[in-house]
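# Results of the structural survey
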Amino acid sequence: MLTRNENKEILSKSDKIIITTHHKPDGDALGSSLGLYHWLKSQNHDVHIIVSSDFPTFLDWLPGRDAVLIYPDDMALCQSLIDEASLIFCLDYNALSRTNVMEGVLRASTAKKYMIDHHLDPEGFDDYRLWDPQAAATAQLIYTFIEDCVDEVSEITPEIATCLYAGIMTDTGSFRFRSTTEQVHEIISKLIRSGARNWEIHEQIYNSSTENRLKFLGHCLLNRLEVIHEYNTALFAVSKQDLEQFQVTTGDTEGLVNYALSVKGIRLAALIIDRTELIKLSLRSIGDVPCNEIARKHFNGGGHFNAAGGSSEGDLQSVVHKFKSILTEYNEILIK
Ligand code: 5GP
Ligand code: MN
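Just so you know, these numbers come straight off a predicted model, no measurement behind them. (Residues numbered from 1 in each chain as written. Chains lettered and ligands numbered in written order. Predicted model: local features only at pLDDT ≥ 70, side-chain atom pairs only at ≥ 80, totals over all residues. Heavy atoms only, no water.)

## A closer look at the overall build of the protein chain
Of regular secondary structure, the protein chain possesses 14 helices and 12 strands. Here the protein chain has a C-alpha radius of gyration of 20 Å; the compact-globule value for 336 residues is 20 Å, and the two agree. When burial is assessed residue by residue, the protein chain has 51% of its 336 residues classed as buried. Considering only contacts in the protein chain between residues 6 or more positions apart, those separated by 24 or more positions represent 65%. Here the protein chain displays about 15,300 Å² of accessible surface, and carbon together with sulfur accounts for 48% of that area. Each charge sign in the protein chain was given a centre, from 31 positive and 47 negative side chains, and these centres are 4 Å apart. (Helix = DSSP H or I, 4+ residues; strand = E, 2+ residues; numbered from the N terminus. Rg over C-alpha atoms; globule rule 2.2 N^0.38 Å. Buried < 20%, exposed > 50% of the residue type's maximum accessible area, 1.4 Å probe, protein only. Contact = heavy atoms within 4.5 Å. Areas by Shrake-Rupley, 256 points an atom, 1.4 Å probe, with all protein chains shown as cover. Lys, Arg positive; Asp, Glu negative; His and termini not counted. Charge placed at Lys NZ, Arg CZ, Asp CG, Glu CD.)

Put into structure tokens, the structure is as follows:
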């Protein structure tokens, strides 16, 4: 971690700042970006958030959300902002390919890149980094970054606290995952003290499903869940027709894979979705089943040890078949 003085110097030298995060931003990606955005704004920086795609509607209420620029929707403006930037924050990703259509323009930019992230195996595109794969969320690292820079804790406003709380809450499965350490709870306590209204944030994120989303969940649980008992593995295979039938939008599939993992005895869960251009996989595991290795070796992806993702070409059934066929490779760990 850079010192407070080093960080202050980097910020003072940067007159135009851009914040970026990964494609299809989740709660941590957007919460981290907006938390940092609000703080930099309060320090009178010229700062913009640019993302490569839309994001779940359950994040629409986050303070500052309207300031988020979506690259494909506003290409000329985003391109010129990136060209003029002297500092680009890269939040919640550690490989530029995770920014999808923005990869080329970010790679070409001469701005200094400051990566703040908690994923394993950084690519090494960054000039500065705050990287800790043990961190529960990037929002936790943003809190550490801001807390270290501020003179007064009151600089952490309710807006900042709300965004960072949302990031940590979503990336820890509401403080359930193993990454939820005592230190995470300490930060959460400070965020509540700074004005994060915890019950309201839970309400906004978890009690905002559309009727279609809930019916889609019911359909998947009833008709799309397959439990492979001999490998302690469960999967959902979701077709294009399923997505169309229930008018599934970005974010509606978030959390679905956890239902497969919640079956008693299951150690590996997969959600395999036909996204037309590609088949997308989400993997979750319990204990020593390495989701990130499976995603990296077989599905052109990566992520954390117990939560990873990737994609594959081909049709849904062939990817499901491929997934099942690699289970023998992990036989010993799966049936332990
Ligand atoms: P999710 O399953 O929620 O989409 O992603 C879980 C984790 O896997 C996240 O930490 C995310 O960064 C990572 N991940 C998801 N998809 C990909 C991918 O296509 N490539 C890489 N490298 N990581 C991914
Ligand atoms: Mn994250």
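## What about the domain arrangement of the protein chain?
In terms of domains, the protein chain is made up of domain 1 (2-205) and domain 2 (209-333). Computed over C-alpha atoms only, the centres of domain 1 and domain 2 are separated by 27 Å. Tallying the contact residues gives 12 residues for domain 1 and 10 residues for domain 2. The junction of domain 1 with domain 2 conceals about 840 Å² of combined surface from both sides, 51% of it contributed by carbon and sulfur atoms. Together, Phe58, His119 and Leu120 form the three largest contributors to the area buried by domain 1 at its contact with domain 2, with a combined 38%. Counting across the domain 1 and domain 2 interface gives one salt bridge. Measuring nitrogen to oxygen at the nearest pair gives 3.8 Å for the salt bridge that ties Asp121 to Arg296. Taken together, domain 1 and domain 2 are joined by three residue pairs in polar contact (both at pLDDT 80 or more). (Domains from an automatic or database assignment. Buried area = accessible area lost by both parts, 1.4 Å probe. Salt bridge = Lys/Arg side-chain N within 4 Å of Asp/Glu carboxyl O. Polar contact = N/O pair within 3.5 Å; in protein donor to acceptor, adjacent residues only side chain to side chain.)

## Section: the UniProt feature "domain: DDH" (unreviewed entry) in the protein chain
Following the UniProt record, the feature "domain: DDH" (unreviewed entry) maps to residues 16-168 here. Between the end C-alpha atoms of residues 16-168 the distance is 27 Å, and the span holds 36% helix and 20% strand. (UniProt positions renumbered as here; feature names shortened; annotations may be inferred.)

## Describing the sheet that holds strand β4 (residues 87-91)
Sheet strands associate in pairs through backbone hydrogen bonding, adopting either a parallel or an antiparallel arrangement. Strand order in this open sheet of six strands is β3-β2-β1-β4-β5-β6, and the pairing throughout is parallel. Either end of the sheet is taken by a strand with one partner, and the two such strands are β3 (68-70) and β6 (128-131). For this sheet the average axis-to-axis angle between neighbouring strands, irrespective of direction, equals 20°. Judged from the five bridges that link them, strand β1 (residues 16-21) and β4 form a sheet pairing that is parallel. Its bridge partner being in β4, Thr21 is matched across the sheet by Leu91. The strands touched by helix α1 (residues 4-13) are β1, β4, β5 (112-117) and β6; relative to β4, the strand with the most contacts, the crossing angle is about 125°. (Pairing = 2+ DSSP bridges. Axes fitted to C-alpha atoms, helices over the stretch in contact; angles between N-to-C directions.)

## Points about the site of ligand 1
Arg98, His119, Lys280, Ser282 and Arg284 are the nearest of the 13 residues found near ligand 1. The contact in question runs from a nitrogen atom of ligand 1 to an N or O atom on the backbone of Gly302, over 3.2 Å. Here ligand 1, which alone exposes 500 Å², has 76% of that area covered by the protein. For the shell around ligand 1, the secondary structure elements donating two or more residues are β10 (279-285), β11 (302-303) and β12 (307-312). (Near = heavy atom within 4 Å.)

## Points about the coordination of the manganese ion (ligand 2)
Taken together, Asp28 (OD), Asp92 (OD), His118 (NE2) and Asp171 (OD) make up the full set of protein donors to the manganese ion (ligand 2), lying 2.2 to 2.4 Å away. Donor residues binding the manganese ion (ligand 2) come from one chain and are separated in sequence as D-x63-D-x25-H-x52-D. Of this pair, Asp92 sits in the loop between β4 and α4 (103-108) while His118 is found in the loop between β5 and β6, placing the two residues 26 residues apart along the sequence. In this structure Asp92 comes out as buried when scored by relative accessible area, which is 1%. (Donors = N, O, S within 2.8 Å, 3.2 Å for Na, K, Ca; no water.)

## Quick look at the nonpolar core
Residues Trp39, Phe89, Tyr114, Phe145 and Leu191 are the most contacted members of the largest nonpolar core, which totals 54 residues. Residues within four places of Leu191 in sequence aside, it is in contact with Tyr143, Ala161, Leu164, Tyr165, Ile168 and Ala196. Formed by 24 residues, the second largest nonpolar core is a distinct cluster that contains Ala237, Cys291, Ala308 and Leu327. (Core = buried A, V, L, I, M, F, W, Y, C linked by side-chain atoms within 4.5 Å.)

## Side note on the packing of aromatic side chains
With the rule as written, the count across this model stands at eight aromatic pairs. Here the aromatic rings of Phe89 and Tyr114 are separated by 5.3 Å at their centres, their planes lie at 25°, and the arrangement is stacked. Separated by 25 residues along the polypeptide, Phe89 in strand β4 and Tyr114 in strand β5 bring together distant segments of the chain. Comparing Phe89 with Tyr114 shows no difference in burial state: the two are buried. Their ring planes at 20° and their centres at 5.9 Å tell us that Tyr93 and Phe125 sit as a pair that is stacked. Placement of Tyr93 in the loop between β4 and α4 and of Phe125 in the loop between β5 and β6 is noted, with a sequence separation of 32 residues between them. (Phe/Tyr/Trp six-rings, centres within 6.5 Å; stacked < 30°, edge-to-face > 60°.)

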